[in-house]
Amino acid sequence: MDNTKLNQEVKEMQQQVVDWRRHFHRYPELSFQEEETSQYIYDTLQSFGNLEVSRPTPTSVMARLIGKEDGKTLAIRADIDALPIAEESTFDYASEREGVMHACGHDGHAAMLLGTAKILSRYQEEINGEVRFLFEHAEEAFPGGGKEMVEAGAMEGVDYVIGAHVASTIDVGQTAVTYGPMTAAADGFWVTIQGKGGHGALPHDTVDSIAVGAQVVSNLQQIVSRNIDPIDSAVLTIGEFHAGEAGNIVADSVKFSGIVRTFDPKYRKQIEQLMHRVIKGVTEAHGAAYTMEYKNGYASIQNDEYVTKVVEDTITELYGEDTIIHEKPQMIAEDFSAFSNEAPGTYFKVGARNEEKGIVYPHHHPKFTFDEQALEHGMKIFVNAVHKFLNES
């Protein structure tokens, strides 16, 4: 494959990819409901030729481009679902689905991967190995579409996997890479503390669930500060606390919930165990009882050093070292880990912010959008990375 020719084809494909992105934006669908979106992607991929197109799950799509010569298999993943957000924009391609919006850039991810697939489908005879295009449903909703696709066999035989996210925090033209941990594992918990209600003037006849709950909340805050190595990172946040109905009544029970974010798997397990120990100790000391539901969400994305270096080298050759940002790990969550836990992978960010155009709103905001020039940048990185992973290596 000739890199100069590839890059010219990316440039020529830009308007088509913008049109695809705007189509997806106009007709967004929520997680696990991406029926029209996935059918559109399936039909479009079928029209390219040289691709083996399938449906690993009812609303996801996979396409395989198997080269003439044997070699490695590289998977590229894009997510396709939208969010339950009412769009606040005046674009002529604004969402036509009330209360549903592509407010995270998945419309761009899907379009960018379609463009990549179309270009590469023309080079089947020149590819060593296989390129596998994964269009994932339900990234925004736990347990996530990635887990379902992996269980359906979408990652079987894959040697490397890469993916990208348009980023509203990074200027268009720049790209961010991260070595090692990139995003945190995201877990949630729901706790009920059962006391004994009664009259507020007769506290000795009650077990005050609010007093107990307040102590539990306070003690839980010491788990991270006194059990996690200060060099490492973890977050335990309690975001809601509900109890009582009147000021003169001792509440019978308390309910609260929150999140835990970790990078290291050992802390992910340890924090859940410590929470049980703390809550059990405090409630028993005051004659109360508790139940806790604890759910593991998406795992931490751990970017592989070799795969990340290949992608960084690709970006450097295309745009220069000064366009690369080496980003620190963040406590956000993303289910690309479902794929990168199956094969060495890396997830990078394509800058899509443009203050001159007023493109400044964060992801998940009703006015979110991104500079569509990012689509060309992402495609160019993808097609050149395929060449580097499969043909050069």
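Within any chain, residue numbers begin from 1 and follow the written order of that chain's sequence. Reporting of local features is limited, given that this is a predicted model, to residues whose pLDDT is at least 70; pairs of side-chain atoms are given and counted only at 80 or more, and all residues count toward the totals for whole chains, interfaces and linings. Values reported for side chains reflect all heavy atoms of the structure, with hydrogen atoms and water molecules removed beforehand.

Moving on, we come to the overall build of the protein. On a plain count of helices and strands, the protein comes out with 10 helices and 16 strands. In terms of its C-alpha atoms, the protein occupies a principal-axis envelope of roughly 80 × 45 × 40 Å. A simple rule labels every residue: compare its accessible area, found with a 1.4 Å probe on the protein chains alone, to the largest value its type can have, and call it buried under 20%, exposed over 50%, or partly exposed in between. Within the protein, the proportion of its 393 residues that are buried is 53%. For every accessible area listed, the method is Shrake-Rupley and the probe measures 1.4 Å; residues are considered covered only by the protein chains on display. Accessible area of the protein: about 17,000 Å², with a carbon and sulfur share of 47%. One finds the centroid of the 33 positive side-chain charges in the protein at a distance of 2 Å from the centroid of its 60 negative side-chain charges. The way it works is that DSSP assigns letters per residue, a run of H or I at least four long becomes a helix, a run of E at least two long becomes a strand, and they are numbered from the N terminus. The charged-residue count follows a simple rule in which Lys and Arg add positive charge and Asp and Glu add negative charge, with His and chain termini not counted at all. Working definition for charges: the position is that of NZ of Lys, CZ of Arg, CG of Asp or CD of Glu.

This part covers the packing of helix H2 (residues 35–48) against helix H3 (residues 106–121). For any two helices packed against each other, one specifies the crossing angle of their axes together with the interaxial distance. Axis lines are fitted through C-alpha atoms, for helices just across the contact stretch, and the angle between N-to-C directions can take any value from 0 to 180 degrees. The geometry of H2 relative to H3 is characterised by a closest axis approach of 9 Å and an angle of 15° between their N-to-C directions. As summarised for this structure, H2 and H3 are arranged roughly parallel, according to the angle between their axes. Read as a crossing pair, H2 and H3 show a hand that is right-handed. Facing Ile-41, Thr-44, Leu-45 and Phe-48 of H2, the residues of H3 in contact are Ala-110, Leu-114, Ala-117, Lys-118 and Ser-121. Think of it as three bins: nonpolar holds Ala, Val, Leu, Ile, Met, Phe, Trp, Tyr, Cys and Pro, charged holds Asp, Glu, Lys and Arg, and polar takes everything else, Gly as well. Residue classes in the contact of H2 with H3 are distributed as 6 nonpolar, 2 polar and 1 charged. An angle counts as roughly parallel when it lies under 35 degrees, as roughly antiparallel when it exceeds 145, as roughly perpendicular when it falls between 65 and 115, and as oblique in every other case. Take the far helix as the reference: if the near one is turned anticlockwise from it by less than a right angle, the crossing is left-handed, and if turned clockwise, right-handed. For this analysis, residues touch if any pair of their heavy atoms sits within 4.5 Å.

Put simply, Phe-142 and Pro-143 share a cis peptide bond, and its omega is 10°. Examined against the element boundaries, Pro-143 turns out to sit in the loop between strand E4 (128–136) and helix H4 (145–151). Despite not being glycine, Phe-32 has its phi angle at roughly 70°, a positive value. One can find Phe-32 in the loop between helix H1 (3–26) and H2. Residue classification places Phe-32 among the partly exposed positions, given a relative accessible area of 36%. Positive phi, normally seen in glycine, also occurs at Ala-138, with a value near 55°. Relative to the helices and strands, Ala-138 resides in the loop between E4 and H4. With a relative accessible area of 0%, Ala-138 lands in the buried category.

Let us look at the pattern of salt bridges. Definition used for salt bridges: Asp or Glu carboxyl oxygen within 4 Å of a side-chain nitrogen of Lys or Arg. Using the criterion set out here, one finds 24 salt bridges in the structure. Residues Arg-77 and Asp-79 are paired through a salt bridge, measuring 3.7 Å at the closest nitrogen-oxygen approach. You'll find Arg-77 and Asp-79 in the same group, each marked buried. Bridged by salt links that share partners, the residues Arg-77, Asp-79, Glu-136, Glu-334 and Asp-335 form one connected network.

Here we come to the packing of H1 against H3. In the contact formed by H1 and H3, the axes pass within 8 Å of each other and the chain directions differ by 140°. Relative to H3, the element H1 is oriented oblique. As for the relative orientation of H1 and H3, their crossing is right-handed in sense. Between H1 and H3, the residues in contact are Leu-6, Glu-9, Val-10, Met-13, Val-17, Trp-20, Arg-21, Phe-24 and His-25 and Asp-107, Gly-108, Ala-110, Ala-111, Met-112, Leu-114, Gly-115, Lys-118, Ile-119 and Leu-120, respectively. Taken together, the residues of the contact of H1 with H3 sort by class into 12 nonpolar, 3 polar and 4 charged.

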